[in-house]
Amino acid sequence: MSTPATLIGVDPSAGKRRRLGRVLLRDPLALLAFLFVLLLVAIAFFPEFFASLSPIRPSRNRLQEPSLTNLMGTDQFGRDIWARCVHATRVSLSVGLTTVAFALLLGVPLGAIAGFRSPSLIDAAIMRVMDVLMAFPPVILAIAVVAALGANDVEWGPITIPHVTKLMLVIGLLNVPKVARIVRAAVLVERNEQYVLAERAIGASELRIVFRDILRNCISPVVVYATLLVATAILSEAALSFLGLGIQPPQPSWGGMLADSRTYVMSGQWWLTVFPGLLIFLTVCAFNLAGDLLRDLLDPAQITGRGDA
Amino acid sequence: MLGFLTRRAATLAIVLLGASLVIFLIMRALPGDPAIGMLTVNASPEMIKELRAQLGLERPLHEQYLRWIGAALTGDLGRSFFFSADVLPLILERFPVTLHLAAMSLAIALLISVPAGVLAATHKGRFVDHLCRIIALIGVSIPVFWQGLLMILLFAVILGWLPPGGYAPPSAGLVVSTAHILMPSIALGTAYAATITRMLRASMLDVLGRDYITVARALGVPERAVIWNDALRNALIPTLTAAGFSFGYLLAGAVLTEVIFNLPGMGRLLFESILSRDYPLVQGVVLLNVFVFVLINLVMDALYALLDPRVRESA
Amino acid sequence: MTAPLLSVRGLVTRFRTEVGEIFPSRDIDLDIAAGEVVGLVGESGSGKSVTARAMVRLLEPASAIRAGTLLYRGAELRALAPDALRALRANEISIVVQDPAAALNPVMSVGAQITRIHQLQRGSTALDSRAAAIALLTRLRIAEPEARLAAYPHQLSGGMKQRILIAMALICRPSLLIADEPTTALDVTVEAEILGLLAELRRDIGMAMLLISHNLSVIARLCDRVAVMYAGRIVEQGPTDRVLAEPRHPYTRALLGSVPRGTKDDGKLPAIPGEPPDLARLPAGCAFAPRCPDAAEACTRMQDLRSLGAGRHAACWRAEPT
């Protein structure tokens, strides 16, 4: 990542594209991960296509074992679990992605400013605030905030914030520090490069230097971390839903379904537990794998460290 | 070294102060009246008013914060509504359980991750490495609450080997105590182990490529010493720092684990206090969690300085 | 004539990389007699470091050595069991590397790093090793050696670190030292000191040395014989003074011509035209031909090292016998 492509006249991304293709073909696990994510996106967009039964209408077929009509069995209200899982995909994925988007929206500029201005008061101030946020064991602060705000939609003056949005904001905010740190570290490395010094010499404005050029070269570790962050966000949402603080019934959510299954564990209705959890697991796994893969490709210097729950 | 630690402690104290401010603001300054939340929707305006005065909610914000912090520093974290008892003793009562769980989980995690991380690195690219990496991926991706439920299904319901929940302190007998703490510790410990394994593997791979390892081998140091002494000592350093940081995940996971396995620890207390809208208790537990987390990081810093002589003199 | 200490014939090394297979050593023949200093000189990328390490089986991975016989005191190194090979380390064969900062373990005191080699390989007690270390450090002109032993690498200067590395390598009095660019990372003044120390100690111990460098003045100072490497092959070898005074291979000539002499001719630094070859894409014939001023049609065929008499060899059909 030393010199931007324009200066040498070489297109580095061509090499990366080729490598992505080769790696995907060579590593079947990575290929599987990517395909699975694509499948999830498809399910999220068109749940009705994948599940014909209703996820919220109760029926009399309560607590049925998995069968040909109900591939994953039915729950205590007779609802088809497969249908519920399918419909829960949309919420989980959107929470995951939006959370990350929010974390990036705040984290990238903060990290960039801190890194570019380092060492300075504003750098120290930003990083101290980040430190404070990071002093909280992750889910605990989310629990506290969500608990304080209640599980309903919040009225803040004229704006009504739906509960789901509240969730995404909170989890996103908690992950801002890590994004900021990564961006800051990358910017610290980049700003000593030749092209930055050259641009400063010709008097380009700082804003332009930072946001147009430096960040372009810092994208790699951010992309890697963002992918891993989706995994963490989905896990966080599932945990909160499990505790009853996340997605509220009757809207299906994987975590919520797991919470419901607790009552039936002792009586052996295993399908209530196994299937929703399996979906969380596979989704998180897929994103973690994708993140690892991207890291091997884009960030061999391991600026990102590791990402997990 | 002492200077380094005092400086770190000072920084962490500031962070702790900042965190307390955040906790306070969350509880008090966000929309929604805690008094209403605590009573019910049917409460009369007089009851609400009385409660607010009792909680000191009518006073200016900064005054409320200072009173709370001042009291906290003397050990008075307020009074729980639900339990009608002081917050701090309530939490401290539950603390040993969480400590027991955390200690067991940590032990299991280290027992698994240190050999796994080293083996994966030294056999890079071979079967052992791939196996460790896949298991680590699974460990990191599996939701701890699902893992707990699955374990209960398998070991308690289907096989009947272990109790499905509850807690027995070590004083009640080591076998019984371990039987109850085993599944939750494994659930929590494996996730942590997976994280540490990944970190250690990466760290070892980095270290094994360094010149001083090559030189040690070239001058006749046996391979076992090269790996477990020369390399590991260096590889543990960044791993420990990151592991200390990841400890926060352990604390967070403890909440979920205690809820599932019915362990009367700090985590379950947090959950219950939220359900019952017991704000002083919530504040107190969150604050204490942050405190423990910060303390762990300080301990990790001390370990770091112990292991790495370069750090002891750094500014 | 006594058998050489180390006799290498037909050494070939190979690495598989993303850009293809590269052969840092191709058909290397080299002898090192007991007590002799042999220089291995070449540009970066000529394969000299890899070749030198391969010669004493210090190359990782072990599979990188594809062919060749490596006779140390008559025993074939490639046939030795790992324990037997390990017993040779430090006792018989030692190494000093280029970057002392990277070569010392940052979390161990330098004293521990030196004494444990002595304890492991000589089986001596902690007390004896410490005494030997102190004696050696004194010999290396390090002041207050006892205090130094407790220091950590980051507390020492570059020259001091290199002395520690030398102490580690020589504490068991080996018969052969591989010195891979031992002074390249040091200041010029420190370099002179270290080279002087190396020369003295070598005489004291009666040690042979394989000195690798891209710096001809270093080679000229210490080496009895020199081998010039280019693109994985030895293109010229012979007694140092002869080779440097009358080079017989165009590459050696070019190397000597490109050394800055400090005189102001026309102000231009003469450089060898062209670039060092890509080890993954070598021409079929002489690898230097694309940059050689005297290249001809015959150069498209591989040039073997031919004996020119008086212990001199060159891999060029134009080289005249003595």
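It should be emphasised that the depicted structure is a prediction, and the values quoted were computed from it without experimental measurement.

### Observations regarding the overall build of chain B
Part 1 of the reasoning: The helix and strand inventory of chain B stands at 13 helices and two strands.
Part 2 of the reasoning: Overall size of chain B, expressed as C-alpha extent along the three principal axes, is 85 × 60 × 35 Å.
Part 3 of the reasoning: Counting across all 315 residues of chain B, residues that qualify as buried make up 43%.
Part 4 of the reasoning: Sequence separation of at least 24 residues holds for 72% of the intrachain contacts in chain B that already meet a minimum separation of 6.

### Points about helix α8 (residues 188–205) of chain C
All names here are of chain C.
Part 1 of the reasoning: The terminal C-alpha atoms of α8 lie 26 Å apart, and with 18 residues this matches the ideal 26 Å at 1.5 Å per residue to within 8%.
Part 2 of the reasoning: What α8 keeps buried is the set I194, L198 and L201. Down the axis of α8, the buried set is contained in an arc of 75°. They therefore lie on one face. Along α8, the residues that are exposed and aim more than 90 degrees away from the buried face are V188, T189 and R203.
Part 3 of the reasoning: In this structure, the buried residues of α8 make contact with α5 (126–139), α7 (158–170) and β7 (176–180).
Part 4 of the reasoning: Positive backbone phi, at 70°, marks G206, one or two positions downstream of α8.

### Points about the sheet that holds strand β1 (residues 6–17) of chain C
All names here are of chain C.
Part 1 of the reasoning: Strand order in the open sheet formed by four strands is β2-β1-β4-β5, and the pairing between neighbours is antiparallel. Whereas interior strands pair on both sides, the edge strands pair on one side only; in this sheet they are β2 (20–32) and β5 (75–76).
Part 2 of the reasoning: Two elements, β1 and β2, share eight bridges in a ladder whose sense is antiparallel. Looking across to β2, one finds that L6 is bridged to I32.
Part 3 of the reasoning: Packed onto the sheet, helix α1 (residues 48–55) meets β1, β2 and β4 (65–72) and runs at close to 125° relative to β1.

### Re the interface of chain C and chain B
Part 1 of the reasoning: Each partner contributes residues to the interface: chain C has 21 residues there, and chain B has 16 residues.
Part 2 of the reasoning: For the side of chain C that touches chain B, the elements supplying multiple residues, two or more each, are β6 (93–96), α3 (100–103), α4 (110–122) and α7 of chain C.
Part 3 of the reasoning: Here the element with the most residues in the side of chain C that touches chain B is α4(C); it accounts for three residues.

### Details of unusual backbone geometry
Part 1 of the reasoning: Phi at L63(A) is positive, roughly 45°, even though this residue is not glycine.
Part 2 of the reasoning: Here L63(A) is to be found in the loop between α4 (47–50) and α5 (81–116).
Part 3 of the reasoning: Residue R73(C) is not a glycine yet carries a positive backbone phi of 45°.
Part 4 of the reasoning: When you line up the elements, R73(C) lands in the loop between β4 and β5.

### Thoughts on the sheet that holds strand β12 (residues 312–314) of chain C
All names here are of chain C.
Part 1 of the reasoning: Ordered by their spatial adjacency, eight strands build an open sheet running β6-β7-β8-β3-β9-β10-β12-β11, and the pairing between neighbours is mixed. Because the sheet does not close on itself, it has two edges, and the strands there are β6 and β11 (306–309). Looking at each pair of strands side by side, their axes are set apart by 20° on average, direction ignored.
Part 2 of the reasoning: Pairing between β6 and β7: four bridges, direction parallel. Among the inter-strand pairings, V96 is bridged to a residue of β7, identified as A179.
Part 3 of the reasoning: Sheet contacts for α7: β6 and β7; angle to β6, the most-contacted strand, approximately 175°.

### Section: the packing of helix α3 (residues 28–45) of chain A against α5(A)
Helix-helix packing is described using two parameters, namely the angle between the two axes and the distance between the axes.
Residues and elements named next belong to chain A.
Part 1 of the reasoning: Between α3 and α5, the least distance of the axes is 8 Å, while the angle of their chain directions is 105°. In terms of axis orientation, α3 runs roughly perpendicular to α5. Only V86, T89, R90 and L93 of α5 make contact with α3, whose side of the interface consists of L40, V41, I43 and A44.

### Points about the arrangement of the chains
Part 1 of the reasoning: Counting contacts across all two pairs of chains that touch, the top-ranked interface belongs to chains A and B.
Part 2 of the reasoning: As for chain C relative to chain A, no contact occurs, and the smallest C-alpha gap between them is 11 Å.

### Quick look at the interface of chain A and chain B
The figure often quoted for interface size is the accessible area lost as the parts come together.
Part 1 of the reasoning: With 44 residues of chain A at the contact, the number on the chain B side is 46 residues.
Part 2 of the reasoning: For the side of chain A that touches chain B, the secondary-structure elements that each account for two or more residues are α6 (121–134), α7 (138–149), β1 (154–156), α10 (206–242), α11 (254–265) and α12 (271–298) of chain A.
Part 3 of the reasoning: The element that contributes the greatest number of residues to the side of chain A that touches chain B is α7(A), accounting for nine residues.
Part 4 of the reasoning: The residue inventory of the side of chain A that touches chain B, partitioned by class, reads 31 nonpolar, eight polar and five charged.

### A few points about the pairing of strand β10 (residues 233–239) of chain C
Residue and element names in this part refer to chain C.
Part 1 of the reasoning: For β10, a buried count of six out of seven residues is recorded, marking the element as mostly surrounded by other parts of the structure.
Part 2 of the reasoning: Sheet topology places strand β9 (residues 225–230) next to β10; six bridges connect them, and they run antiparallel. Within β10, the position partnered with A227 by the bridge is Q237.
Part 3 of the reasoning: In sequence, β9 turns back onto β10 through a hairpin of two residues, with A231 there showing a positive phi of about 50°.
Part 4 of the reasoning: For β10 and β12, the ladder comprises two bridges, and the chain directions are antiparallel. Residue pairing in the sheet places Q237 in a bridge with H313 of β12.

### With respect to the nonpolar core
Part 1 of the reasoning: The biggest cluster of nonpolar side chains holds 282 residues, and the ones touching the most others in it are I143(A) and A167(C).
Part 2 of the reasoning: Non-local contacts of I143(A), meaning those with residues more than four positions away in its chain, are made with L243(A), L245(A), L270(B) and I274(B).

### Overview of the pairing of β4(C)
Residue and element names in this part refer to chain C.
Part 1 of the reasoning: Pairing of β1 with β4 involves six bridges; the strand directions are antiparallel. Counted as the bridge partner of L6 is Y72 from β4.
Part 2 of the reasoning: Across two bridges, β4 lies against β5 in antiparallel orientation. Looking at the pairing, Y72 lines up with A75 of β5.
Part 3 of the reasoning: Counting the residues that bridge the hairpin from β4 to β5 gives two residues, and of these R73 lies at a positive phi of roughly 45°.

### Re the confidence of the model for chain C
Residues and elements named next belong to chain C.
Part 1 of the reasoning: Of all residues in chain C, 96% attain a pLDDT of 70 or more, and the chain-wide mean is 87.
Part 2 of the reasoning: Mean pLDDT in chain C bottoms out at β11, which sits at 83, and peaks at β6, which reaches 94.
Part 3 of the reasoning: The ipTM, which scores confidence in the relative placement of chains, is 0.85 for this predicted complex, and the corresponding pTM is 0.80.

### Overview of the environment of R8(B)
Residues and elements named next belong to chain B.
Part 1 of the reasoning: Mapped onto the elements, R8 comes out in helix α1 (residues 2–29).
Part 2 of the reasoning: Accessibility expressed as a C-beta count within 10 Å gives 17 for R8, which makes it partly exposed.
Part 3 of the reasoning: Along the backbone, R8 and D301 are 293 residues apart, and their C-alpha atoms lie at a distance of 7.9 Å.
Part 4 of the reasoning: Once residues within four sequence positions are removed from consideration, R8 is found in contact with L298 and D301.

The rules behind these values
- Residues numbered from 1 in each chain as written.
- Chains lettered and ligands numbered in written order.
- Predicted model: local features only at pLDDT ≥ 70, side-chain atom pairs only at ≥ 80, totals over all residues.
- Helix = DSSP H or I, 4+ residues; strand = E, 2+ residues; numbered from the N terminus.
- Buried ≥ 20, exposed ≤ 12 C-beta atoms within 10 Å, placed from the backbone.
- Contact = placed C-beta atoms within 7 Å.
- Expected span 1.5 Å × (residues − 1).
- Arc of directions from axis to C-beta.
- Pairing = 2+ DSSP bridges.
- Axes fitted to C-alpha atoms, helices over the stretch in contact; angles between N-to-C directions.
- Parallel < 35°, antiparallel > 145°, perpendicular 65-115°, else oblique.
- Nonpolar A, V, L, I, M, F, W, Y, C, P; charged D, E, K, R; others polar.
- Core = buried A, V, L, I, M, F, W, Y, C linked by C-beta atoms within 7 Å.
- pLDDT = per-residue confidence, 0-100.

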